[in-house]
Structure formats: structure tokens, C-alpha cells
Amino acid sequence: MATTTSAPEAILEAVGGPENIISLSHCATRLRFDLKDASVVDKATVEKIPGVMGAVPQAGDRYQIVIGGAVQGVYDEIINLPAMKGGGGATGGQSNADVKAAARAKARGKNAIVDAFFEYLSDSFRPLLPVLLGTSLIIAGEAVAEALGFIDTRAAVKPASLAFVDAMYRSVFYFLPIMVAYNASKKLRIDPWVGTAIMAALITPNFIDMSNLEKTTGVVCTVNETLDTQLCTATVFGLPMQLNDYGGQVFVPLIMVALLAPLYKGLTRIISPNLQMVFVPFLSFVIMMPITAFLLGPLGVWLGTGLGTAFAWLNTQAPIVFAIIIPLLYPFLVPLGLHWPLNALMLANIDSLGYDFIQGPMGAWNFACFGATAAVLAISIRDRDKEMRQTAFGALVAGLFGGISEPSLYGIHLRFKRIYPRMLIGCAVGGLIIGLGGGVNASTFAFTSLLTIPIFSPMALYAIAIAAAFFTSFIILFISDYRTAEEKAEARAAAAADGFVEASPEETAADLALEEAAKAQAEAPKPALVAGAVTEIVAPVRGTALPLSEVADPVFAGGAVGQGAAIEPSEQEIVVTAPAAGTVVVAPDSGHAYGINLDSGVEVLIHVGLDTVEMEGKGFQLLVKQGDRVETGQELVRVDRAAVEQAGHPLTTPILITNTAAFASVEPIATGEVAPGDPLLRLTA
């Protein structure tokens, strides 16, 4: 069995190794896995890995692991592990990407379209977050310098130094549509440079000069004196083309790539492979560039402007309602990844209006969130809870200085039901202050942190609002606590067992008794885990025993999930039984895998067949569900051999010890034919 020496290696092992990874990406705080089989991932195991703040199973075989601000470094380390460079996994598994994408779409079920939409939107923006946040700090620095009287950013004539600093951040926002087009094209698995080139055509000096009446004929421009804007229309090939400034646009590339992708893939199907390199890009250009310039470009501008105008109307007509709704919505949108449309709208507002009015109320939510985290930190310090203190401190630092809420959400808030209703009061208070003050505008896109306060105007109103949101959540949670009485008792027991609680003279007699009981329990490990204990695990199915190394799946054969053995079932109707008494912790609807925590302390995974998750339960008669108590020999599932063979999947069934690390050795002891109840594995603690 491979020795895990670092957090990236532990994460890779926990998700089933590189062969179980279809793709791996990351956002500001989370590693995002598309897996072949997410049932092999044990949430509790993942969350014990140093540096992991939480684990979030998602629809289908997608899985998120929350890291926090260090996610980029962890991602890079995982990608650069030797195991990830051996072919397969996220780096070598793209040849059958369409098949896998179809499987994932099936797994999403009736919400596939909605899931795909938000995945497309978020994956088009996620890689840009670092540069967006980096440039926002440049703008914040300018705002501070202007407030102190050192510079004047609104001067008609600027010093060359200031003009250069402006160029440093405007590059990102002006060329944002090109960057979005690149990411969106990669997401939809087409050549990203084709999408990039199509979008770039609308930002070239040649296109921009079409609005110059002195350089181009057939152009008519009208001026809207109310809005102080100029709209030009050119006659191109006898058709009217609306000329817009597409710098900073986000809706245009999203719409364009969504239409380009099926066209590009269709062209690759009908054009000979020998000619695709030339004619697929050529035809994509000559079809999509005119469609984008004549139709999709104006449509995207209209969409962004329309949504922005609607929100602006609400912000103007009912500023208090608007300022309260936004921070109350965000706590529910962020965990689901549904906040991306609002982020896109913020960028559209900055491009069309020169400012955004959504980020101010959003700041009320963020600081209410951070205030709740600060309260948890204060309580953990008071209670001498070292584990929660470490979690809360890291989440609070990421929030206050990075504006990132996910470490707080996944590491703390979503785990304790008392936090959300109290945090929402802080959200409402902060939003109410912003609304009563007439609203707050932001000069750029930014994560709302202490470092970006200068980009908001009026700055004093914003500072008061976020302080009120922070301290409202803090005070309410600190007084009422974030845990129920039962959660307090459980936390004390778990912390005492793991050595995370420091004894305090002020602890009550009941707390001390609970801690002593937990310690006594910890000192009496389960039978199979007593040092030197030998435990036999029996066969759960009739068939021929095989060494794990002969399994035709490198994830299992290599022991990435755990050591064990395999059985080639021999019956026409395969009956899988529990090898010993315990609790079912893994039992997906597909019926292909069962994880059981045995009473003895052994953790067993029985994986019925290889890649049988793709059958989505067809041919599997499930007899137990997650959380069920099972006894020795109790039937877990009945499997129709003919259905599995017809689907083209091997029936080889690995039996794995997922807590292999707790044992000095895991030895197969059976050869040849075995029946349920026959000894299969010998474990030595």
C-alpha cells in the first residue's frame, strides 16, 4: 500500500486515485472533482486530512473539497504528483470525454439542464477570480491615494504614472470578454482559441474604428443627450449592424460560445479529420463572427443592460427593499453556486454604468458571515476547543482579508443549524443601513473584505453597514452559542477523545464526567483495532477468490481505496451479504457499492462489478439503505448477472478494507472457490 506523506497525496487517495478522476478544477476555495465513481469517497476521511475544511458531495459523481485560500497551491501540487502524470485521470482521460459527460448528465437527472447552466456560468468565471481580485486591490489603492489627496483620477489630463497604473487594472476589465470566451470554450470542450478569436474580433481597433465617421462610410450615429451616449449603426453587406463597445462585456461571450459549441462539434463530425485543422476554424469564423456582430453582440449588450436597468430601478424605487433582499439571498445562493449570475451582472453594471450597486449590500452578507465566524472563534477560545479554534481562525482570516466566505460556510456555518437564522439578522441590519443611506456603489468588481472598503462610495456608509452586520451576528451568536445542548455534549466528547480540549477550572461537573467517559471509551478501542488483534473477514458472495492485483481497475488493484481481495461471482443471480454485523455507511441508489462500518472496528467496502455505477441501478435489487443496521450474512443486494454482462461490465467484486492504515497487515487467505461465510481476509491490528 502506498504511503501517504502529504495532504495532496491524501486527497488524491481519498477520491480514488488518478484513475477515478475525470476532471479536476478549482475555484477561490474549493477543489472541484468530476469522478468516475464518487461512492468510493468517504466524507469523514476527507475532512480529517490536514488543510481540508470540508467535503461536499454533489449531484452525480461530482465532489467538492473545501481548502480555503491555499486552494491554488494544493491544486498545483495534486496536478504535479507523479501519479497524475502517468496517464488517465484528469490529465489523460479526455479521449472519451463525451461519453463521460453523457454519463454525468444522466446522473444529474431531471435537473441536468439547470446544473449544466450553472456549471457553464461558474466555470467560465472561476479561473478569472485571481486576476479580478488582484486588480481590485490596485483600484482600492488608487481610492486610498485619492482620498488622501495624492492623486486625482478624474482629472482631464493625468500624469503618465497614473495612466500606467490605470492600464494595469483596465487590461483585465477591458479584455474580460476574451478571457470569458476562452474559459467558456474550454468548458464546452471546443478549441478555446477559436472562441477567443471570434470574441476578439469585436474588440480590435478595426471594429472600433467603424464608429469613426471620418474613417468609415455607411455609418450613422445618434447621440442620447440624456444618457450622454452615442449609438452608431453601420451598413455591412447591405444589412444594419449595431456598433457597440464590447470591452468589459460578459453576456456576449457566454451567449456566443454556447452557440459556437454545437456548431464546432457538428463541423468536426462532417469534415474529414485530415481537413479539420483548417476548415473547422475557418467555417467557425465565417459563420460565428457575423452572427455575433449582427445579432448576439447587441443581444448580449441588451440583456446585460436590461437586467442592470431592472435592478437599478428596484434599487432606486425601493432602495431599502433591494439592500435587504441581496444580503438575505446570498447565504443561500453561495453554497449552491447560484451566485454567479449576480456576479456576471455586477461586471455588466461596471461596464455599462461605470459602477455597481449590488456589491455594497453583498458586503453586508459577507461581514455578517464573518461576524458569525468571529463569534464561533471567541466561543472556542472560551471553551478551550482547539479544533474549532483552528478552523474558525483560518476561516476568519480568509474572510476579513480575502473576502472569501466558503471556509466559514463549509467549515462551520452549514454544520450548525443555529448559525444561519442568527446570521441573517446581521445581514438584514447591514442591508437596512445601506438602504436607509440611499445605497452604496462600487467602482470595480471585488470580493468584499477589509482591504477593499475604499472602492465603495460613500465609504463611511458602507463601513458603518458592514460593521453593524459583523457585530450584530457576533453578539447574537456569542450570547446564544452556535450549538444546541446536544451538539455541545457531542463536541465535548469528540474533542476529549481526540485530545482537543484543554481542561479548565471553570468546567462543570457534568462536562468533566462527559469528558472522562469519552476518554474511557477512547482508551478501549474496538476489538479489531486492539494492538496485535487478528480478525478474519469472510466472503460476502459465492465465487472464485482473486488477488486484488488481478482486478482490471488500477484504482482497486493499486490499493488506492484500501487493501483486500476480490471475488469473481459464479451464480446467475448474485447475492451479496454482509460479512459481519455493522452499520451501512455507503449505499448509493445504483446499488453497485456498499460500505459497512463493522462493530469490530473494520471498515469494509464491497464494490459489485467494475464501472457498474453506469448502469444506474438496472439489474440491482437493493435490500438495504444507508444508515441501516445489518447482521452477519444479511443480504445487501441481489444482482442479475445477465443484465451486467449485457451492459458490458466485469462482475469482478473487490472487497476492500478502507481503514487499511489501522492495520499492520491485510492478507488474503482464500484461494479458489469460496462461499458466503468462508474466510477471505486476515487483518492484524
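Residues numbered from 1 in each chain as written. Predicted model: local features only at pLDDT ≥ 70, side-chain atom pairs only at ≥ 80, totals over all residues. Heavy atoms only, no water.

The next subject is the overall build of the protein. When you go through the protein residue by residue, the secondary structure sums to 24 helices and 23 strands. The burial tally for the protein puts 49% of its 685 residues in the buried class. In the protein, 70% of the contacts between residues at least 6 apart in sequence involve partners at least 24 apart. (Helix = DSSP H or I, 4+ residues; strand = E, 2+ residues; numbered from the N terminus. Buried < 20%, exposed > 50% of the residue type's maximum accessible area, 1.4 Å probe, protein only. Contact = heavy atoms within 4.5 Å.)

We now examine the sheet that holds strand S20 (residues 653-657). Overall, antiparallel pairing links the eight strands, which are arranged S18-S14-S15-S16-S20-S12-S11-S22 in an open sheet. Strands with a single pairing partner mark the edges of an open sheet, and in this sheet they are strand S18 (629-630) and strand S22 (672-674). The sheet contact formed by strand S14 (residues 582-586) and strand S15 (residues 593-598) spans four bridges and is antiparallel. Looking at the pairing, Val584 lines up with Ile596 of S15. (Pairing = 2+ DSSP bridges.)

Attention shifts here to the packing of aromatic side chains. Counted by the stated rule, this structure contains 10 aromatic pairs. The ring of Phe478 is capped by Arg382, whose NZ or CZ atom sits 5.5 Å from the centre of that ring. (Phe/Tyr/Trp six-rings, centres within 6.5 Å; stacked < 30°, edge-to-face > 60°. Lys NZ or Arg CZ within 6 Å of the ring centre and 35° of its normal.)

Okay, the pattern of salt bridges next. Scanning the model with the defined rule gives 15 salt bridges in all. With a closest N to O distance of 3.1 Å, Arg382 and Asp383 form a salt bridge. A relative accessible area of 24% means that Asp383 is categorised as partly exposed. One salt bridge connects Asp599 with Arg629, and the closest N-O pair in it is separated by 2.4 Å. Highlighted residues: Asp599 in the loop between S15 and strand S16 (603-607) and Arg629 in strand S18, separated in sequence by 30 residues. Through salt bridges that share partners, Arg382, Asp383, Asp481 and Arg483 make up one connected network. (Salt bridge = Lys/Arg side-chain N within 4 Å of Asp/Glu carboxyl O.)

Residues Leu275, Met277, Val278, Phe279, Phe282, Val286 and Ile287 make up a contiguous nonpolar surface patch of roughly 690 Å² in combined accessible area. As for its position among the elements, Phe282 is in helix H13 (residues 276-317). (Patch = residues over 30% accessible without salt bridge, like charges linked within 9 Å, V, L, I, M, F, W, Y side chains within 5 Å. Areas by Shrake-Rupley, 256 points an atom, 1.4 Å probe, with all protein chains shown as cover.)

As a further point, take the state of the cysteines. In this structure the tally under the stated criterion is one disulfide. The closest cysteine sulfur to the non-disulfide-bonded Cys369 is located on Cys427, 8.0 Å from its own sulfur. A relative accessible area of 0% means that Cys369 is categorised as buried. (Disulfide = S-S within 2.5 Å.)

Looking at where His413 falls in the secondary structure, it is placed in the loop between helix H18 (406-411) and helix H19 (419-436). For His413, a relative accessible area of 1% gives the class buried. Setting aside its immediate chain neighbours within four residues, His413 contacts Cys369, Ala372, Thr373, Ser408, Ile419, Tyr420 and Met423.

Right, let's talk about the nonpolar core for a bit. One finds Met256 and Ile419 to be the most contacted residues of the largest nonpolar core, which totals 101 residues. Considering each element in turn, this core owes the most residues, 12 residues, to helix H16 (residues 359-382). Discounting residues that sit within four places of it in the chain, Met256 has contacts with Ala181, Gly195, Ile198, Met199, Met288, Thr292 and Leu296. In terms of nonpolar packing, the next biggest core, distinct from the first, is built from 39 residues, Val576, Tyr594, Val674 and Leu680 among them. (Core = buried A, V, L, I, M, F, W, Y, C linked by side-chain atoms within 4.5 Å.)

Next up on the list: the environment of Leu548. Mapped onto the fold, Leu548 is located in the loop between strand S11 (543-547) and helix H23 (554-557). Put simply, Leu548 and Gly562 are 14 residues apart on the chain and 9.9 Å apart in space, counted from C-alpha to C-alpha. Apart from residues no more than four positions distant in its own chain, Leu548 is found in contact with Phe556, Ala557, Gly562, Gln563, Gly564, Ala565, Pro654 and Leu656.

Spatial ordering of the open sheet is given by S1-S2-S4-S3, a layout of four strands whose pairing is antiparallel. Because the sheet does not close on itself, it has two edges, and the strands there are strand S1 (21-26) and strand S3 (54-57). Neighbouring strand axes in the sheet, compared pairwise and without regard to direction, differ in orientation by 20 degrees on average. With five bridges joining them, S1 and strand S2 (residues 30-35) adopt antiparallel strand pairing. Its bridge partner lying in S2, Ser23 is registered against Asp34. The strands touched by helix H3 (residues 71-79) within the sheet are S1 and S2, with S1 carrying the most contacts at an inclination of about 150 degrees. (Axes fitted to C-alpha atoms, helices over the stretch in contact; angles between N-to-C directions.)

Quick look at the packing of H16 against H19 now. Where H16 contacts H19, the axes come no closer than 8 Å and their chain directions differ by 140 degrees. With respect to H19, the element H16 is oriented oblique. Of the two possible hands of crossing, H16 and H19 adopt the one that is right-handed. Contact with H16, carried on its side by Gly360, Pro361, Ala364, Trp365, Ala368, Cys369, Ala372 and Val376, involves Ile419, Met423, Gly426, Cys427, Gly430, Gly431 and Ile434 of H19 and no other residues of that element. (Parallel < 35°, antiparallel > 145°, perpendicular 65-115°, else oblique. Left-handed = near helix turned anticlockwise from the far one by under 90°.)

Okay, helix H14 (residues 319-333) next. For H14, with 15 residues, the first-to-last C-alpha span of 21 Å sits near the 21 Å given by 1.5 Å per residue. Those residues of H14 not exposed but buried are Phe322, Ala323, Ile326, Pro327, Tyr330, Pro331 and Leu333. (Expected span 1.5 Å × (residues − 1).)

Quick look at unusual backbone geometry now. Cis geometry is found at the peptide bond from Ser457 to Pro458, where omega equals -5 degrees. Relative to the assigned elements, Pro458 resides in the loop between strand S9 (456-457) and helix H20 (459-480).

Another point: the confidence of the model for the protein. When pLDDT is low, close inspection of the predicted coordinates is not appropriate. Confidence in the prediction of the protein, expressed as mean pLDDT, is 82, and 84% of residues score 70 or more. Here residues 87-110 is a poorly scored stretch, pLDDT under 50, and it has 33 contacts once near neighbours within four places are set aside; other chains count. The model gives residues 501-508 a pLDDT under 50, and that stretch makes 15 contacts with residues more than four places away or in other chains. (pLDDT = per-residue confidence, 0-100.)

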